[in-house]
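Structural overview for review
Listed here are the chains, written in short residue letters.
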Amino acid sequence: MSSTAVPSTTPARPHHLPAAGLAVVAAGLVAGLPTALGDVGALAAVLVLQLALVLSWVLATGMQGFTSSLAVGTAAAVAADLALVLVERPLLGGLLAVLGVGFLAAVLQQMLRSPRQDLVDSLAGSAVLLTAVAALAALLLLGRPGSGALVLTALVAGAALLVGSLTDQVLPRPQLAPGVPRGLTGAVLAVLAGAAAGWAARDVAGLGMLRALLVGAVLAGVVALVAVAGSYLAVETTAEGAVGALSPWAPTVVQVVLPFAACAPVALGLLTLL
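Keep in mind the model is a prediction, meaning the values are calculated, not measured. (Residues numbered from 1 in each chain as written. Predicted model: local features only at pLDDT ≥ 70, side-chain atom pairs only at ≥ 80, totals over all residues. Heavy atoms only, no water.)

**Examining the side chain of Q110**
Position of Q110 relative to the elements: it lies in helix 4 (residues 95-112). Among the polar contacts listed, one links the side chain of Q110 to the backbone oxygen of Q64, at a separation of 3.3 Å. Aside from chain neighbours lying at most four places away, what touches Q110 is Q64, S69, R116, L119, S122, L123 and S126. (Helix = DSSP H or I, 4+ residues; strand = E, 2+ residues; numbered from the N terminus. Polar contact = N/O pair within 3.5 Å; in protein donor to acceptor, adjacent residues only side chain to side chain. Contact = heavy atoms within 4.5 Å.)

Put into structure tokens, the structure is as follows:
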């Protein structure tokens with residue numbers, strides 16, 4: 001007899017606390033290295049996040065062709081960074097060529113492997129991974145000398161992830177999706193925390209009070225939304241018998257780095273307009 005019971009919202013392994021701790025580390029890395037080392041520090045911070053996402057995504061999702069998937073993801077990350085670093089006037093549109101060539105490489109990589117089980121799932125995973133590592137490269141455009149935009153983005157994303165995770169650890173209610181330990185309370189507090197972080201970093205980024213609050217709230221909203229998707233992946237891949245159960249740390253990395261990737265181009269667009 002089939003059951004209609006709603007899955008438990010309590011994951012089998014620690015879910016929120018590791019993500020909260022890693023969010024602090026990621027925010028400190030993205031905000032601290034550029035402050036200390038300039039452009040080199042910004043490149044190093046972005047590359048660390050990209051490579052961590054590539055490895056954790058391939059492990060967590062169980063993409064077929066492990067070594068070749070890592071190679072394609074790493075090459076795409078390096079190419080995206082170089083496309084923005086080596087030109088005199090870098091533009092976000094410069095990443096389109098990287099995405100096009102990267103997707104072609106991912107298709108060839110999946111088609112040439114044998115056997116070809118889970119081909120569609122692996123291609124979908126490759127597309128998401130390529131998009132995410134290219135989006136992370138947008139952080140380099142925020143790290144221009146004297147802008148302070150990268151520091152603001154890192155602080156907002158880190159604060160939203162930290163507050164949202166800690167709140168959902170205690171009170172994942174009202175539940176946003178069946179089987180996922182994320183609640184509306186945590187999302188709302190994450191947005192408020194992001195707005196507060198934006199306000200606190202307003203002088204660093206050269207924004208007025210209202211604009212800083214707006215940027216912080218919007219970016220935190222993006223982070224909170226993508227964090228729900230990250231929790232979906234974490235719950236599904238750490239279930240008993242799942243591929244990700246063999247690498248419990250990988251979904252945690254995805255939970256943190258994927259929201260950073262999602263808010264990077266949004267931050268660039270907002271701060272360009274404002």
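**Quick word on unusual backbone geometry**
Of note, the amide linkage connecting R173 to P174 takes the cis form, showing an omega dihedral of -15°. Here P174 shows up in the loop between helix 7 (149-170) and strand 1 (175-177).

**Regarding the packing of helix 8 (residues 184-200) against helix 10 (residues 209-237)**
Running from amino to carboxyl end, helix 8 crosses helix 10 at an angle of 145°, the nearest separation of the two axes being 7 Å. Judged by the sense of rotation from one axis to the other, the crossing of helix 8 with helix 10 is right-handed. Seen from helix 8, the contacting residues are A187, A190, V191, G194, A195, G198 and W199; seen from helix 10, they are M209, A212, L213, G216, A217, A220, G221 and A224. Tallied by class, residues from the contact of helix 8 with helix 10 come to 11 nonpolar, four polar and no charged. (Axes fitted to C-alpha atoms, helices over the stretch in contact; angles between N-to-C directions. Left-handed = near helix turned anticlockwise from the far one by under 90°. Nonpolar A, V, L, I, M, F, W, Y, C, P; charged D, E, K, R; others polar.)

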